[in-house]
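Listed below, chain by chain, are the residues.
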Amino acid sequence: MKSADNTAEKPGEMPADAPFQKTPEKTGRNPIPDPAMTYADHLRAVLGLGVPLIGGHLAQFAIVLTDTVVLGWYGVPELAALTLASSLFFSLFLLGSGFGWAVLPMVATFAARGDEGSIRRSTRMALWWSVIYFVAVLPVLWFSGPVLRQMGQTEEVAGLAQSYLRIAGLGMLPAMGVVVVKNYLAGLELTRVALWLTVAAAVANAGLNWVLVFGRFGLPEMGIQGAALASLAVQALTFGLVLAYALRRLPGYRLMHNLWRPDADMFRRVFALGLPIGLTTLAEVGLFAATSVFMGWLGTVPLAAHGVVMQIGSAAFMLQLGLSNAATVRAGNALGRSDGDHLMRGARVIAAVSVVVAGLSIATFLSIPEVLLGAFISPQEPEREAILQVGRGLLMLAAMFQLVDALQVIHVGFLRGLHDTRVPMVMAAVAYWGVGMPGALIFGFGLGWGAPGIWFGLVLGLTAAAVLLMARFWRHGRGMIPEVHETPDRPDRPDRTWA
């Protein structure tokens, strides 16, 4: 296959420090490993892959963060409405994004085997599923006001949230397309351009928010609808740019050729891997979304404080999510090349980096809470001090779960790279909804702890998830790597009795 150029990153090949050589023929057999990578080799490989992924996630998060900061300065009701709207939007978005995230381990494994046809087919069918899912959930976003009112939210906040979602909801389709194409590129270890495109999108979103929310340059003041319109425009532009890059950079993969041709086998396989990924993510994000509803029961001030701390915690989580993606790529590559030792050495390195990053997040949360919280609330806001008072306690609890949140998402990444998604899905459901949800209700309302009690339930849920996922990977991960045998009719699906 010919790539667009012969520089830096070459699709389907490992970095220069990787221990394997690409198989020239598509035989369905695993290549013979070269001498093992050292821990230092693994660290360089992980950082080279992980840093652009982290940067891309931070830039993507900056789009949401900008909306929160701008509307926090615009008005507390708008900030509270955005908190609810974002919770609903991202709960649905992340469920549908499971199909896009399935592309990452599939492409990483197929690339290790030199199977370019399956790389193309899996990416196309992920795009199909993204369109189908968007059509299914758009009515929920369009008529979200009654849903939020039934959940006990005020008429004002529910109405503002619906007005936001009717515009921003249309951006879900290009946003899911971005997830598919970025994971296609990341699976081939092409991550830098996605980083810079997302940074540009974040800058554009900040500028559009300032213009449309407050009404600059002679435009009308649109408030929360301006923030929604800015997000929609940026998501559509980002998808167009990242797709154009993928087609230009990797013309030999013919990604869009016969896009409309059905591929029933790969369609099923993307669904089988992607749905559990989406449900696993939804189990966690749904818990956080539910806590936003609980906070709404306590009043606008606790809900606004919750929204601010959620944004701060999410920024720290983006660092771990980038490392988790790197873990998925490296584990998927080890699976494709049938090298259990390579998997476990790389896992130890990534876990160690994750713990260090979590420690830095904890130190930041505890050392400068006023700086972090104050950036989101206008000095002229009458409720500023009340919001900051609630926010300080919540930020301390957010610091408590940084380590366990890091460990759970890293081990989800390892297992996902091994195409192990069903059992982690069950574990996530048990941890978040069997432990976290009851804990939030008991401590928040049963014991009368209020907002801190709700967040303590989050800590319990994340801790349970970390323990369960770590136990599965370290006890069974190596056994998920096939040593010799592959099924004759499905060379991309090795025999695995552990499932």
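The shown structure was predicted, so the numbers you read here are calculated from the model rather than taken from an experiment.

## Some words on the packing of aromatic side chains
Applying the stated rule across the entire model yields 20 aromatic pairs. Seen from their ring centres, Trp129 and Phe267 are 4.3 Å apart, and the 15 degrees between their planes marks the pair as stacked. Of this pair, Trp129 sits in helix α4 (residues 116-142) while Phe267 sits in helix α10 (residues 264-298), and the two are 138 residues apart along the sequence. Accessibility expressed as a relative area gives 21% for Phe267, which makes it partly exposed. Chaining the aromatic ring pairs together yields one cluster made of Phe99, Trp128, Trp129, Phe267 and Phe271.

## Considerations on the packing of helix α3 (residues 98-112) against helix α7 (residues 172-187)
One can describe the packing of α3 onto α7 by two numbers: an axis separation of 8 Å at closest approach and a directional angle of 15 degrees. Between α3 and α7, the interaxial angle falls into the category roughly parallel. Regarding α3 and α7, the two cross each other, and that crossing is right-handed. When α3 is examined against α7, the residues Gly100, Trp101, Val103, Leu104, Val107 and Ala108 are found in contact with a partner set consisting of Val179, Val180, Asn183, Tyr184, Ala186 and Gly187. A breakdown of the residues in the contact of α3 with α7 according to their chemical character gives nine nonpolar, three polar and no charged.

## As for the nonpolar core
Core analysis: the biggest nonpolar cluster contains 119 residues, and Tyr164, Met172, Tyr184, Leu185, Leu188 and Trp455 have the highest contact counts within it. With 13 residues, helix α2 (residues 76-96) is the single largest residue contributor to this core. In this structure, Leu335, Val409, Val412 and Phe414 belong to the second largest nonpolar core, which totals 28 residues.

## Section: the packing of helix α8 (residues 192-214) against helix α9 (residues 224-249)
At their nearest, the axes of α8 and α9 sit 9 Å apart, and the two run at 155 degrees to each other. Judged by the angle between their axes, α8 and α9 are roughly antiparallel. The handedness of the crossing between α8 and α9 comes out as right-handed. Note on element contacts: α9 touches α8 through Gly226, Ala227, Leu229, Ala230, Ser231, Ala233, Val234, Thr238, Leu241, Val242 and Tyr245, opposite Val193, Leu197, Ala201, Ala204, Asn205, Leu208, Asn209, Leu212 and Val213. Considering only residue class, the contact of α8 with α9 consists of 15 nonpolar, five polar and no charged.

## A look at the pattern of salt bridges
Scanning the model with the defined rule gives seven salt bridges in all. Put simply, Arg268 and Asp265 hold a salt bridge, and the shortest N to O gap is 3.9 Å. Taken together, the positions of Arg268 and Asp265, both in helix α10 and three residues apart, correspond to about one turn of that helix. Notably, a salt bridge pairs Asp265 with Arg269, separated by 2.5 Å at the nearest N-O pair. A residue pair is termed a helical-turn pair when its members lie 3 or 4 positions apart in one helix, as Asp265 and Arg269 do in helix α10 at four residues. According to the relative accessible area criterion, Arg269 is buried, its value standing at 8%. Bridged by salt links that share partners, the residues Arg121, Asp263, Asp265, Arg268 and Arg269 form one connected network.

## Notes on α10
The first and last C-alpha atoms of α10 sit 49 Å apart over 35 residues, in line with the 51 Å expected at 1.5 Å per residue. Where α10 bends most, the angle comes to about 25 degrees, and this point is Ala283. Positive backbone phi, at 130 degrees, marks Gly299, one or two positions downstream of α10.

## As for the confidence of the model for the chain
Considering every residue of the chain, the mean pLDDT works out to 80; 89% of them sit at 70 or more. The element-level mean pLDDT for the chain is lowest in helix α1 (residues 39-74), coming to 74, with helix α16 (residues 422-446) highest at 92. The low-confidence segment residues 1-34, where pLDDT is below 50, has 72 contacts with residues more than four positions distant or belonging to other chains. Predicted confidence is poor over residues 484-499, with pLDDT under 50, and the contacts of this stretch with residues over four places away or in other chains come to 33 contacts.

## So, unusual backbone geometry
In this model, Arg254 sits at a positive phi of 50 degrees, which is unusual for a non-glycine residue. In this fold, Arg254 is placed in the loop between α9 and α10. On the accessibility criterion, Arg254 (42% relative accessible area) is partly exposed. Backbone geometry places His419, a non-glycine residue, at a positive phi of 65 degrees. Inspection of the secondary structure assignment puts His419 in the loop between α15 (402-417) and α16.

## Re the environment of Ala233
Examined against the element boundaries, Ala233 turns out to sit in helix α9. A relative accessible area of 38% means that Ala233 is categorised as partly exposed. Measuring from C-alpha to C-alpha, the distance between Ala233 and Leu208 comes to 9.0 Å, with 25 residues separating the pair along the chain.

## Overview of a nonpolar patch on the surface
Taken together, the side chains of Trp297, Leu298, Leu441 and Phe445 present a nonpolar region at the surface, about 340 Å² in accessible area. Contributing elements (two or more residues each) for the nonpolar patch: α10 and α16. As for its placement among the helices and strands, Leu441 is situated in helix α16. Since its relative accessible area comes to 34%, Leu441 is described here as partly exposed.

Cut-offs and rules
- Residues numbered from 1 in each chain as written.
- Predicted model: local features only at pLDDT ≥ 70, side-chain atom pairs only at ≥ 80, totals over all residues.
- Heavy atoms only, no water.
- Phe/Tyr/Trp six-rings, centres within 6.5 Å; stacked < 30°, edge-to-face > 60°.
- Helix = DSSP H or I, 4+ residues; strand = E, 2+ residues; numbered from the N terminus.
- Buried < 20%, exposed > 50% of the residue type's maximum accessible area, 1.4 Å probe, protein only.
- Axes fitted to C-alpha atoms, helices over the stretch in contact; angles between N-to-C directions.
- Parallel < 35°, antiparallel > 145°, perpendicular 65-115°, else oblique.
- Left-handed = near helix turned anticlockwise from the far one by under 90°.
- Contact = heavy atoms within 4.5 Å.
- Nonpolar A, V, L, I, M, F, W, Y, C, P; charged D, E, K, R; others polar.
- Core = buried A, V, L, I, M, F, W, Y, C linked by side-chain atoms within 4.5 Å.
- Salt bridge = Lys/Arg side-chain N within 4 Å of Asp/Glu carboxyl O.
- Expected span 1.5 Å × (residues − 1).
- Bend = angle between axes of the 7 residues up to and from the residue.
- pLDDT = per-residue confidence, 0-100.
- Patch = residues over 30% accessible without salt bridge, like charges linked within 9 Å, V, L, I, M, F, W, Y side chains within 5 Å.
- Areas by Shrake-Rupley, 256 points an atom, 1.4 Å probe, with all protein chains shown as cover.

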